[in-house]
Amino acid sequence: MKLILQRVTSASVYVDTEKIANIDKGILVFFGAEKGDGKNQACFLVEKTLNLRIFPDDSGKMNFSCVDVRGDILVVPQFTLAGDCSRGRRPRFDRAADPDTARTLYEYYVELLIRSGLKVSMGRFAKDMKVQSVNDGPVTFLLDR
């Protein structure tokens, strides 16, 4: 499972011309599931997403988590995170989880985030989406498990 976490001041997701989700200050998460991933990886990454100290204190040091600042979270499914670009010019997706498994893990990850009590919004699985965000910092991390 791979996640890209971006600290944002705002983010939105559109399907066609319809805005389906938006957040204010918080974290934009791009979520990719790979073969062999399961609920244990999702649980580990939920804890990291919620508690990774990536928000600044008064001196600018990253000392606060999303939970600490009561930030919003927007999770966007992105199977291309499982792409292998090491050979040739076309990414290979042999490592990507099958769509049913990926959807189940995506929904489980989001469900666990919702239990935190923070505002959690979702992109739409298996849809072409347009994502707009204002990356704060910029602060971006790749998490995998």
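Here the structure is a predicted model, which means the values were calculated and not measured. Counting of residues starts from 1 at the beginning of each chain's written sequence and follows it residue by residue. Local features in this predicted model are restricted to residues of pLDDT 70 or higher, and side-chain atom pairs are both shown and tallied only at a pLDDT of 80 or more, whereas totals for entire chains, interfaces and linings draw on every residue. Only hydrogens and water are set aside; all other atoms, that is, all heavy atoms of the structure, feed into the side-chain values.

Asks: Tell me what's going on with the environment of isoleucine 73, and back it up with residues and numbers.
Replies: Numbering goes from the N terminus for both helices and strands, where a helix is a DSSP run of H or I of at least four residues and a strand is a run of E of at least two. Within the secondary structure layout, isoleucine 73 lies in strand β6 (residues 72-77). Only protein chains enter the accessibility calculation, which uses a 1.4 Å probe; a residue is then buried when its area is under 20% of its type maximum, exposed when over 50%, and partly exposed in between. Given the relative accessible area of 0%, isoleucine 73 is considered buried. As a C-alpha pair, isoleucine 73 and threonine 17 span 56 residues in sequence and 22 Å in three-dimensional space. Contact between two residues is taken to exist if any of their heavy atoms lie within 4.5 Å; hydrogens are not considered. Residues contacting isoleucine 73, with those up to four places away along its chain left out, are Ile23, Ile27, Val29, Thr49, Leu50, Cys66, Leu113, Leu118, Lys119, Val120 and Ser121.

Asks: Break down unusual backbone geometry for me, citing the residues and quoting the values.
Replies: Here glycine 137 and proline 138 are connected by a cis peptide whose omega angle stands at -5°. Looking at the secondary structure, you find proline 138 in strand β8 (residues 130-144). One non-glycine residue, arginine 70, lies in the positive phi region at around 55°. With respect to the helices and strands, arginine 70 occurs in the loop between α2 (66-69) and β6. Phi angles above zero are rare outside glycine, and alanine 126 is one such case at about 60°. One can find alanine 126 in the loop between β7 (120-122) and β8. Accessibility expressed as a relative area gives 66% for alanine 126, which makes it exposed.

Asks: I'd like a description of the nonpolar core, backed by residues and values.
Replies: Definition used in this section: a nonpolar core is a set of buried Ala, Val, Leu, Ile, Met, Phe, Trp, Tyr and Cys residues joined via side-chain atoms within 4.5 Å. Leu3, Val29, Phe31, Ile73, Val75, Tyr109 and Leu113 are the most contacted members of the largest nonpolar core, which has 30 residues in total. Looking at this core, the elements that each hand over two or more residues are β1 (2-15), β3 (26-32), α1 (39-51), β6, α3 (99-114) and β8. Broken down by element, this core gets its largest block of residues, 8 residues, from α3. Counting 12 residues, the second largest nonpolar core, distinct from the first, contains Ala11, Val76, Leu81 and Met129.

Asks: How would you summarise α1 if you had to cite specific residues and measurements?
Replies: Note that an α-helix has 3.6 residues per turn; residues three or four places apart therefore point the same way. A rise of 1.5 Å per residue sets the reference length of α1, with its 13 residues, at 18 Å; its end C-alpha atoms lie 18 Å apart and thus fit the reference within 8%. Within the sequence span of α1, burial applies to Gln41, Ala42, Leu45, Val46, Thr49 and Leu50. Buried residues of α1, seen end-on, are gathered within an arc of 155° and therefore sit on one face of the element. Packing partners of the buried residues in α1 comprise β1, β3, α2, β6, α3 and β8. In this scheme, a helix's expected span is set at 1.5 Å multiplied by one less than its residue total. It is the directions from the helix axis to the C-beta atoms that the arc portrays.

Asks: I'd like a description of the packing of aromatic side chains, backed by residues and values.
Replies: Between the rings of Phe, Tyr and Trp (Trp by its six-membered ring), a pair exists once the centres lie within 6.5 Å; its type follows the angle of the planes, with under 30 degrees stacked, over 60 edge-to-face, and the other angles tilted. Using the criterion set out here, one finds 4 aromatic pairs in the structure. Centre to centre, the rings of phenylalanine 79 and phenylalanine 93 are 4.9 Å apart; their planes meet at 50°, and the pair counts as tilted. Of the two residues, phenylalanine 79 is situated in the loop between β6 and α3 and phenylalanine 93 in the loop between β6 and α3; the sequence distance between them amounts to 14 residues. The class of phenylalanine 93 is partly exposed, set by a relative accessible area of 31%. Counting as a charge over the ring demands two things of the Lys NZ or Arg CZ atom: a distance within 6 Å of the ring centre and an angle within 35 degrees of the ring normal. The residue whose ring lies beneath lysine 39 is tyrosine 108, and the NZ or CZ to ring-centre distance is 4.7 Å.

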